[in-house]
Every structure is written in structure tokens, then in C-alpha cells.
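# Coordinate inspection notes
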Amino acid sequence: MKITSLFGFILLLLVLTIGNLQLEPGLSISQQISLIFSPQSAQNFSEIFYLYGQLPRLVMALLVGATLGLVGSLMQQLTQNNLTSPLTLGTSSGAWLGLVILSISFTDLSADFAPLVAMGGGLLAFVLVVTITGLRNMTGLPLIVSGMVVNILLGAIATALITLNSQFAQNIFMWGAGDLTQDGWSAVIRLLPQLLPALFIIIAAPRILTVLRLGHDGAQARGLSVLPIFILFMVVATWLVAAVISTIGVIGFIGLLAPNIVRAFGARTALSELLASALLGALLLLFADTLAIAISQWLHSVIPTGVMAAAIGAPALIAFSRRTFKAQDSLTLLLKPIIRPQWLYRAGGCIIFLLAVGMTLSVFLQNSEHALVWQLPEAFQWALRWPRLLTALIAGIALSVAGTLLQRLIYNPLASPDILGVSSGATVSLILVSMILGTTIQTSLWGVALLGSLLVLALLLLLGRRHQFAPASLILIGISLTACLEAFVQFFLAQGTLSNYRILLWLSGSTYRVNDQQAILFSIIVVLLVIVTLSLSRWLTLLSIGRAFSQARGLHAGKATMLLLGLVALLCALVTATVGPLAFIGLVAPHMAALLGAQKVKSQLILGSLLGATLMVWADWLGQLIIYPSQIAAGTLVAILGGSYFLALMVINRFRT
């Protein structure tokens with residue numbers, strides 16, 4: 001790395017440090033320097049706040065940023081993957097889940113065991129990702145998508161726990177948004193010894209990382225035990241991430257951006273990349289924190305640093321994803337049918353039977369204080385149950401159709417509305433409108449949700465056009481947009497009002513708010529859209545083969561793609577506005593249909609719709625019974641079940657291939 005670039009980073013860091021400390025009025029630079037050397041002379045509020053508020057926050061930003069930059073560089077060099085980081089590996093979500101469990105179940109132990117529990121959660125997420133991809137397949141997109149799936153799954157479990165323990169919600173979400181605010185030096189002093197393993201990385205890692213650049217076989221030929229070394233350094237990296245997250249919350253993108261930027265500035269050796277990434281990580285997080293403070297003062301509202309880091313990092317990740325992907329970056333999943341093609345109708349009959357059983361149980365079998373009771377519903381009960389049942393059924397159909405369209409259009413079975421950010425766009429637009437109007441989430445604002453979904457789709461198309469909508473490019477852009485949008489959702493939830501807790505309940509994806517008129521209107525529109533989709537199945541068949549092939553058959557591929565993507569946005573918007581965000585339905589249902597032998601477009605659309613409806617109906621009913629009298633929202637339960645299924649499918653697929 002050039003010396004001029006290094007000095008430039010240091011100079012920027014000094015300038016930002018001075019600027020950060022000048023954001024709070026009251027003290028000149030000379031007064032601030034004097035207070036550092038004689039803190040006992042502090043008397044008024046400005047001086048005390050500078051010593052015990054501003055300075056600890058500044059030091060915390062530098063420590064956390066440097067740690068995340070160092071860890072990001074270590075992970076990327078270990079995996080030889082420039083898109084590896086605590087965010088994309090799922091370790092941040094694992095640590096969050098561990099701390100949520102600790103905060104809710106073992107509150108008295110939080111202060112002493114938070115880093116260890118967070119580390120356990122982070123390691124769990126990493127083990128899941130490695131199990132899916134394998135140690136030899138961590139250099140391409142499979143690692144990133146696997147991490148995204150793990151993120152959604154662990155996040156759904158954490159959300160379920162929080163909704164069942166509302167008294168902890170505000171503090172957990174403020175922590176989840178990544179807040180650097182300090183009220184003294186205690187957190188800094190507590191964090192410092194936990195970061196000592198960073199010295200071990202700087203001292204021991206460079207030589208090993210240099211050898212690993214020769215590849216797995218080359219490193220082994222030179223006497224390096226690759227697997228034990230890999231596990232050792234990943235455990236150390238996970239500990240550092242856990243220490244940071246348990247102290248100040250989730251900060252994304254820093255560990256992803258810093259190593260990529262320093263490599264662009266010429267860092268070539270392992271040691272120079274590690275050190276420069278640590279320096280740039282501190283610079284990036286301090287920049288994000290300075291912006292967060294400035295905007296907080298302007299808006300008279302607290303902006304968590306993690307939200308600002310996401311707002312800066314997501315566009316940067318999109319920029320890095322707009323490269324020419326190598327062959328290994330294309331991610332496919334072999335979906336070999338598990339039954340004979342002639343048995344497809346039998347499979348469809350079994351699914352219809354399961355759907356009918358689920359609907360019957362939802363109507364007639366309900367829990368009481370002591371046992372399950374089979375009885376005809378009274379008029380009042382029926383008025384509550386049928387809109388909920390109809391909404392669950394139609395929502396499953398809508399998302400399954402949307403997922404099938406997306407997977408066919410971008411030639412990848414790992415595409416779904418939740419991974420590509422289409423559902424997140426609808427979610428954020430609805431939350432923004434509810435915050436602006438000062439009301440709770442309105443289930444009738446379909447136009448607002450559609451606008452959010454269309455904006456995300458437009459960004460996907462605009463940014464993916466450079467690589468002719470290559471699957472790898474679209475998925476990474478979607479992941480970036482989803483991470484950024486979710487950070488803003490965390491910010492809204494961290495505000496701590498009752499209406500925001502209601503937003504959390506809505507985010508869980510529940511059918512309980514839908515009345516009869518909304519259910520009927522929702523069903524009519526979705527059914528019409530599904531009929532339109534089926535009528536355009538020939539277009540989808542041609543596009544599935546290839547855009548050049550479809551052009552040769554007289555189809556205008558661009559216009560057809562835009563229309564079908566518009567249907568995806570409309571279906572996602574309708575479901576999100578009516579029920580809330582639902583994860584994995586659009587991913588799992590088309591997968592299961594393909595596994596059951598539905599290889600043609602129409603058969604996959606129809607069988608996938610039946611599967612999506614069945615999953616949602618059973619999830620909605622089971623969510624009402626599992627922990628009666630409390631309830632688990634259908635969206636949360638289906639995300640947990642769907643995520644578990646999908647992880648198992650990817651593991652089985654890896655061993656089959």
C-alpha cells in the first residue's frame with residue numbers, strides 16, 4: 001500500500017476526530033486539550049459532558065471501527081472472498097439472537113456473560129453457513145446467500161422471542177440499531193481487555209494468510225494444517241465481533257467495506273491489509289458517527305450510528321457487487337425431483353388433502369383453557385376466523401406465485417421477494433407513512449406498499465442492467481438493499497413508543513388484524529393477478545429458457561420481464577400491506593413444487609400455490625395453539641419452519657453434488 005494513501009487515511013482520521021468533538025458547542029479546541037490533561041478542573045456541564053460523553057464515544061467509535069475492519073480483513077483473507085464479513089456470514093444475527101435469549105431469560109447474568117453468549121450465537125451462525133457451503137466452497141456467492149438465509153432464520157426466532165416479551169423490546173431494538181452513546185468510561189474500560197485477541201491476529205496471522213493465498217492444496221503442501229488454523233482464527237474473529245456487539249450493538253458494513261477499499265488503494269501484503277483495514281474501519285465508523293450526531297442535532301431525534309453505517313455501507317456494497325462475476329459466483333441449487341413425474345397428480349392430491357385438513361382444523365378445532373375442543377364455531381367466532389383463514393390461504397398463494405416468477409426470471413432458485421428486498425421496500429414505505437401520519441400501520445395502504453416494492457424493483461433493474469441482470473449481481477444488490485432497509489426499520493423500532501411496538505407485531509406477519517371486507521377484496525385482487533400470471537405462462541416459459549431464445553420466438557424480452565416483475569411487486573405489496581412481511585414462502589413453496597416434479601411453468605405455479613397456501617394455513621393455526629393463550633404470528637412461525645427446511649435442503653444438496 002502506498003505511503004501517501006496511508007498518510008491520507010491518518011490525516012482524514014485526525015480531521016474527523018477534531019470535527020466530531022466540535023459538534024457539541026461550548027468548548028474550544030484549546031479548552032478540550034486542556035481538559036484531557038487536567039480532567040479534575042471540569043466544572044460546568046459542557047466540560048463534564050465532553051469528558052464523560054464525547055470522549056468515551058469517540059474512543060468507542062475508534063475501537064469498534066478498527067476491530068470490525070481488522071476482523072473483516074481477516075475473514076476475507078481466510079475465505080478468499082471479498083464479500084465475507086460478520087454481516088454476510090450471519091455472525092451478527094447469531095450474536096443478536098444469543099443476547100436476546102440472555103436478556104429475556106437470564107437478565108441477571110447479562111452483564112457478566114453477554115460476550116460469551118454472543119460468541120456462542122455467532123459461532124452457531126457460522127457453523128450453519130459452513131455446513132451449507134462446505135469449507136472448500138467459501139470463495140463465491142454461495143457463502144453470501146447462505147449467510148442471508150441464516151440471517152433471516154435467526155432474526156425470525158429473535159423476533160418471536162421479543163414479541164412474546166414486550167417489556168424488553170425497546171432496549172433490545174435500541175441495542176440492535178447500534179448506538180455508540182456513552183455515559184462514562186466504564187464500557188470502554190470493560191471492552192478493552194476483550195479486544196486483546198486482536199493483537200494475536202496482527203502478530204500471528206500475516207504469515208499464515210500469506211501461505212493461504214497459495215490455495216488450500218498449496219498451503220497444505222507447505223506443511224500448514226489449514227482446517228485447524230481456519231477454525232482457530234474464525235473463533236478469534238467471532239469473539240471480537242461478539243465483544244463489540246454485546247457492548248454497543250450491531251454495526252454492519254464496516255468489516256465489509258474497509259478491506260475492499262484498502263485493496264483498491266494498493267494493499268497487497270497480508271499485514272498491510274490487516275493494519276490498513278483497521279485504520280480505515282476506525283475512519284469509516286467515526287465518519288458514520290459524526291454524521292449521526294450532526295443529523296440527530298438537526299432533526300432533534302437520536303439517530304443510531306448503526307443506521308448511519310448502513311445508509312453509507314449499502315450503496316458501497318452495491319458498488320462492489322457491480323463487478324464481473326466469476327463462474328464460481330453463480331449460485332445454483334440442483335432440484336432433482338424426489339418422485340416420479342407420473343406421480344405429480346398424486347402429490348397435488350396429497351397437498352390438497354393437507355390444505356383441507358388445515359382449513360378444517362382452523363375452523364372447528366380450537367384450544368380452551370384445559371384441552372383442544374372440537375365444536376362448531378359460534379357466529380362471533382366464525383366472524384373472526386374466516387377472514388383470518390382466507391387471508392392466510394391467499395397470502396400463501398400470492399407469495400408462492402411471486403417467488404416462482406422471480407426464480408424463473410433471474411434463472412436462480414435462490415431468488416425470493418424477501419432476499420431481493422422487494423418485501424422490505426413495501427415494509428419501509430408503510431412504516432414511513434405510519435410515522436409521518438402518527439398512526440399505526442394501515443392494512444389498506446396497498447398503494448403505499450406497491451410504491452415501496454416498485455422502487456426496490458426499479459433499483460434492482462437499474463443497477464443490475466450493467467451485467468444483463470445476472471443472478472449473482474441481482475442477489476447481491478437485493479441483499480444490500482435489504483440490509484439497508486432493515487437498519488432503518490431497527491431505527492424506527494428503537495424510538496420506544498407504543499405504536500412502534502405495534503409495528504413490531506405487524507412485522508411478525510399476522511392475519512389477526514384483517515376484517516371481512518379487507519379479506520374479500522384482498523382475495524379477489526390476488527386471484528385476478530394469479531389468473532393473469534397463468535395466462536402469461538408462455539412468456540415465462542420462453543424467458544426461463546433464455547432471453548435470446550425468447551427474442552427469437554417473437555417475444556419482446558425486456559417488456560415481458562418488466563410486466564412480470566410488476567406482477568411480483570404488486571403481489572408482494574398486497575401481502576405486505578395486508579398481513580405484514582412474510583419470509584421464505586416465496587422461496588420454499590416453488591422449491592418444494594420443483595422437488596415434487598413440477599418442472600413446467602404452469603405446474604410449478606399451481607403446485608407451488610397449493611404448497612404456499614398449505615404452509616400459511618397450518619402456520620396460522622399452529623401459531624394460535626402452540627403457546628396458548630399467547631400466540632406466535634404466522635409470519636414468524638413460517639419463517640422459522642421455512643428457514644429450517646431451506647437450510648436442510650441446501651445441506652442435502654451439497655452432499656448430493
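Residues numbered from 1 in each chain as written. Predicted model: local features only at pLDDT ≥ 70, side-chain atom pairs only at ≥ 80, totals over all residues. Heavy atoms only, no water.

## Looking at the overall build of the protein
Rules: Helix and strand assignments come from DSSP, with helices taken as H or I runs of at least 4 residues and strands as E runs of at least 2, each series counted from the N terminus. Classification of residues uses two cut-offs on accessible area relative to the type maximum, computed with a 1.4 Å probe and protein chains only: under 20% is buried, over 50% is exposed, and between them is partly exposed. Contacts are residue-level and defined by heavy atoms, with any inter-residue pair within 4.5 Å sufficient. Values of accessible area rely on a 1.4 Å probe in the Shrake-Rupley scheme; residue burial ignores everything except the protein chains shown.
Helix and strand counts for the protein stand at 27 helices and 2 strands. Looking at the protein as a whole, 58% of its 657 residues qualify as buried. Restricting the contact set of the protein to residue pairs at least 6 apart, pairs at least 24 apart contribute 79%. Here the protein has roughly 27100 Å² of accessible surface; of this, 69% comes from carbon and sulfur atoms.

## Considering a nonpolar patch on the surface
Condition: Each patch is built from salt-bridge-free residues with over 30% relative accessible area, joining like charges within 9 Å and nonpolar side chains (Val, Leu, Ile, Met, Phe, Trp, Tyr) within 5 Å. We count a salt bridge whenever a side-chain nitrogen from Lys or Arg sits within 4 Å of a carboxyl oxygen from Asp or Glu.
A cluster of nonpolar side chains, Ile 3, Leu 6, Phe 7, Ile 10 and Leu 14, forms an exposed patch at the surface whose accessible area comes to about 470 Å². For Ile 10, a relative accessible area of 34% corresponds to the partly exposed category.

## Quick word on the packing of aromatic side chains
So the rule is basically this: Aromatic pairing here means that ring centres of Phe, Tyr or Trp (its six-membered ring) are within 6.5 Å. Orientation follows from the plane angle: under 30 degrees is stacked, over 60 is edge-to-face, and everything else is tilted.
Applying the stated criterion across every chain yields a total of 6 aromatic pairs. Ring geometry for Phe 364 and Trp 374: centres 5.7 Å apart, planes at 25°, overall stacked. Residue Phe 364 is found in helix 15 (residues 344–364), and its partner Trp 374 is found in strand 2 (residues 372–374); the two are separated by 10 residues along the sequence. Residue classification places Phe 364 among the partly exposed residues on the basis of a relative accessible area of 24%.

## Quick word on the confidence of the model for the protein
The cut-off we apply is this: Per-residue confidence from the prediction method is given by pLDDT, with values spanning 0 to 100.
Averaged over every residue, the pLDDT of the protein is 80; residues scoring 70 or more account for 86%. Averaged over each element, pLDDT in the protein is lowest for helix 7 (residues 169–176) (59) and highest for helix 21 (residues 516–535) (92). Note that pLDDT drops below 50 for residues 324–334; the model gives that stretch 27 contacts with residues more than four away or on any other chain.

## Quick notes on the environment of Leu 257
Looking at where Leu 257 falls in the secondary structure, it is placed in helix 12 (residues 254–264). C-alpha of Leu 257 to C-alpha of Gly 313: the two residues are 56 residues apart in sequence and 7.1 Å apart in space.

## Topic: the side chain of Thr 533
Test applied: Any pair of nitrogen or oxygen atoms within 3.5 Å is treated as a polar contact; in protein, a donor-acceptor pairing is required on top of that, and neighbouring residues in sequence qualify only through side-chain atoms on both sides.
Mapped onto the elements, Thr 533 comes out in helix 21. Among the polar contacts made by the side chain of Thr 533, one reaches the main-chain carbonyl oxygen of Leu 529 at a distance of 2.8 Å. Apart from the residues lying within four places of it in its own chain, the contact partners of Thr 533 are Val 401, Leu 405, Leu 567 and Leu 605.

## Concerning the packing of helix 18 (residues 446–464) against helix 24 (residues 557–578)
In a pair of packed helices, the angle between the axes and the distance between the axes together describe the arrangement. Filter applied, for reference: The axes are straight lines fitted to the C-alpha atoms, using for helices just the contacting stretch, and the angles between their N-to-C directions are given from 0 to 180°. Should an angle fall under 35 degrees it is taken as roughly parallel, and over 145 as roughly antiparallel, whereas 65 to 115 is taken as roughly perpendicular and any remaining angle as oblique. We call a crossing left-handed when the near helix sits turned anticlockwise from the far one by less than a right angle, and right-handed when that turn is clockwise. Just so you know the grouping, Ala, Val, Leu, Ile, Met, Phe, Trp, Tyr, Cys and Pro go in nonpolar, Asp, Glu, Lys and Arg go in charged, and all remaining residues, Gly too, go in polar.
Packing of helix 18 against helix 24 brings their axes to within 8 Å, and their N-to-C directions diverge by 140°. Considering their axes alone, helix 18 and helix 24 lie oblique with respect to each other. Like other packed secondary-structure pairs, helix 18 and helix 24 cross with a definite hand, here right-handed. Contact residues: helix 18 offers Trp 446, Ala 449, Leu 450, Ser 453, Leu 454, Leu 457 and Leu 461, while helix 24 offers Met 562, Leu 565, Ala 569, Leu 570, Cys 572, Ala 573, Leu 574, Ala 577 and Thr 578. When grouped by side-chain class, the residues that make up the contact of helix 18 with helix 24 number 14 nonpolar, 2 polar and no charged.

## Considering the pattern of salt bridges
Two side chains bearing opposite charge may form a pair once their charged atoms approach each other closely. By the definition in use, this model includes 4 salt bridges. Its salt-bridge partner being Arg 213, residue Glu 273 comes within 3.8 Å of it at the nearest N-O pair. Taken as a pair, Glu 273 in helix 13 (residues 270–299) and Arg 213 in the loop between helix 9 (197–212) and helix 10 (216–221) lie far apart in primary sequence, 60 residues in all. Look at Arg 213 and you get partly exposed, because its relative accessible area is 37%. The closest approach of N and O atoms between Asp 620 and Arg 388, which form a salt bridge, is 3.2 Å. Taken together, the residues Asp 620 in helix 26 (residues 601–625) and Arg 388 in helix 16 (residues 379–409) connect sequence positions 232 residues apart. Arg 388 shares its class with Asp 620; the two are buried. Taken together, the salt bridges that share partners define one network made up of Arg 213, Arg 263 and Glu 273.

## Describing helix 15
Selection rule: Here a helix's expected span is defined as the number of its residues, less one, multiplied by 1.5 Å.
Spanning 21 residues, helix 15 covers 30 Å between terminal C-alpha atoms, matching the ideal 30 Å at 1.5 Å per step. Along helix 15, the positions that sit buried rather than exposed are Leu 344, Ala 347, Gly 348, Ile 351, Leu 355, Gly 358, Leu 361, Ser 362 and Val 363. Among the structural elements, strand 1 (365–367), strand 2, helix 16 and helix 26 are those in contact with the buried residues of helix 15.

## Let's talk about the packing of helix 22 (residues 537–545) against helix 24
Two elements in contact, helix 22 and helix 24, have axes separated by 11 Å at closest approach and are oriented at 115°. For the element pair helix 22 and helix 24, the recorded crossing hand is left-handed. Contact with helix 22, carried on its side by Trp 539, Leu 540 and Leu 543, involves Ala 557, Ala 560, Thr 561, Leu 563 and Leu 564 of helix 24 and no other residues of that element. Among the residues making up the contact of helix 22 with helix 24, the classes are represented as 7 nonpolar, 1 polar and no charged.

## Thoughts on the environment of Ala 309
Of note, Ala 309 is situated in helix 14 (residues 305–321). Sequence separation between Ala 309 and Ala 487 is 178 residues; the distance between their C-alpha atoms is 9.0 Å. Residues within four places of Ala 309 in sequence aside, it is in contact with Ile 251, Gly 252, Phe 253 and Ala 288.

## Quick look at helix 12
Residue pairs spaced three or four apart in an α-helix point in one direction, given the helix's 3.6 residues per turn. Within helix 12, 9 of the 11 residues are buried, which leaves the element mostly enclosed by the surrounding structure. Buried within helix 12 are the following residues: Ile 254, Gly 255, Leu 256, Leu 257, Ala 258, Pro 259, Asn 260, Val 262 and Arg 263. The positive-phi residue at the C-terminal boundary of helix 12 is Gly 266, with phi of around 110°.

## Observations regarding the environment of Ala 648
Structurally, Ala 648 can be placed in helix 27 (residues 634–656). Sequence separation of Ala 648 and Thr 131 is 517 residues, and the distance between their C-alpha atoms is 9.6 Å.

## Considerations on the side chain of Thr 305
Structurally, Thr 305 is set in helix 14. Those residues in contact with Thr 305 that sit more than four places away from it in its chain are Arg 57, Gly 178, Asp 179, Leu 180, Ile 251, Leu 285, Ala 288, Asp 289 and Ala 292.

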